[in-house]
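These are the residues of each chain, in order.
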Amino acid sequence: MKLPVVAAAFAAAFLTTSAKAQDVSAGERSWNKCRACHQVGEGAKNLVGPQLNGLFGRHTGAVEGYSYSTANKGANITWDEAVFAEYIKDPKAKIPGTKMVFAGIKNDKEIADLTAFLKQFDKDGKKM
Ligand code: HEC
């Protein structure tokens with residue numbers, strides 16, 4: 001009776017792939033919470049907040065032409081997944097004095113999905 005094992009393995013592989021695909025689309029829905037103030041993608045502009053292309057690996061306050069608060073500019077943080085997760089839960093706690101007015105996202109799964117969505121974009125806003 002090998003068949004059920006193979007079928008189970010196949011189902012598991014399938015579920016893993018589709019769960020990943022969902023992460024990005026769930027992240028795109030979550031991104032709706034940011035779009036009033038941020039753009040990402042090719043040709044993204046600074047709005048109320050800076051554009052977020054190539055965020056992961058980027059230093060705080062690094063977008064040219066955007067007028068950051070001294071708090072954000074001086075935070076001396078390089079954005080990685082862990083720092084971003086901490087920040088987006090409660091921006092004012094991570095960077096006291098930030099002018100980003102956002103209550104935060106508390107749900108870890110939503111943060112992971114949003115991270116997957118944002119990670120698609122390189123520094124030129126092209127999907128990697
Ligand atoms: C009401 C407007 C607003 C909303 C909504 C908002 N932001 Fe911001 N965000 C800002 C502003 C303004 C700044 C600049 C902060 C500063 O200079 O103190 C900022 C800064 C940031 C930074 C730091 C960027 C850098 O270059 O250092 C990140 C990361 C960020 N926002 C992510 C997000 C994400 C992700 C969301 C959605 C979940 C979001 N923001 C929602 C206004 C907003």
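Structural data are supplied above this passage.
Below: a short report on this structure. Here the structure is a predicted model, which means the values were calculated and not measured. (Residues numbered from 1 in each chain as written. Predicted model: local features only at pLDDT ≥ 70, side-chain atom pairs only at ≥ 80, totals over all residues.)

So, about the overall build of the chain. The helix and strand inventory of the chain stands at five helices and zero strands. Secondary structure elements in the chain, listed N-terminal to C-terminal, are α-α-α-α-α. By the burial criterion, 18% of the 128 residues in the chain qualify as buried. Look at the contacts in the chain between residues 6 or more apart in sequence, and 48% of them connect residues 24 or more apart. (Helix = DSSP H or I, 4+ residues; strand = E, 2+ residues; numbered from the N terminus. Buried ≥ 20, exposed ≤ 12 C-beta atoms within 10 Å, placed from the backbone. Contact = placed C-beta atoms within 7 Å.)

Turning our eyes to something else, we now look at the site of the ligand. Every one of the 25 residues lining the ligand counts as a neighbour, but C34, C37, G49, S69 and M100 are closest to it. Here the shell around the ligand is composed, by residue class, of 16 nonpolar, seven polar and two charged. (Near = placed C-beta within 6 Å. Nonpolar A, V, L, I, M, F, W, Y, C, P; charged D, E, K, R; others polar.)

Before going further, it helps to spend a moment on helix α5 (residues 108-119). Across its twelve residues, α5 extends 16 Å between first and last C-alpha, which sits within 8% of the 16 Å expected from 1.5 Å per residue. Every buried residue of α5 is listed here: I111, D113, L114, T115, A116, F117 and L118. (Expected span 1.5 Å × (residues − 1).)

Next up on the list: unusual backbone geometry. Positive phi, normally seen in glycine, also occurs at N76, with a value near 55 degrees. Note on placement: N76 falls in the loop between α2 (70-73) and α3 (81-89). For N76, a count of 8 C-beta atoms within 10 Å corresponds to the exposed category.

Bringing the nonpolar core into the picture now. Soluble globular proteins tend to pack their nonpolar side chains together in the buried interior. Membership of the largest hydrophobic core is limited to twelve residues, which are L52, L55, A75, Y87, I88, I95, I111, L114, A116, F117, L118 and F121. Listed by contribution, the elements that provide at least two residues to this core are α3 and α5. Per element, the largest residue contribution to this core is five residues, and it comes from α5. With near-sequence residues (within four places) excluded, L118 lies in contact with V40, L52 and L55. (Core = buried A, V, L, I, M, F, W, Y, C linked by C-beta atoms within 7 Å.)

Bringing the environment of A75 into the picture now. By secondary structure assignment, the location of A75 is in the loop between α2 and α3. Remark: the alpha-carbon pair of A75 and G61, spanning 14 residues in sequence, is separated by 8.0 Å. In contact with A75, not counting residues within four places along its chain, are T60, G61 and I95.

A few words on the environment of W79. Position of W79 among the secondary structure elements: in the loop between α2 and α3. Assessed through the 18 C-beta atoms surrounding it within 10 Å, W79 is described here as partly exposed. Spatially, the C-alpha atoms of W79 and F56 are 5.1 Å apart, while their sequence positions differ by 23 residues. Setting aside chain neighbours within four positions, we find W79 in contact with L55, F56, G57, R58 and F84.

Glancing now at the environment of A116. With respect to the element layout, A116 can be found in helix α5. A116 gets classed as buried once you count the C-beta atoms within 10 Å, which come to 20. Here the alpha-carbon distance between A116 and S25, two residues 91 residues apart in the chain, equals 9.0 Å. Apart from the residues within four sequence positions on either side, A116 is in contact with D23, V24 and G27.

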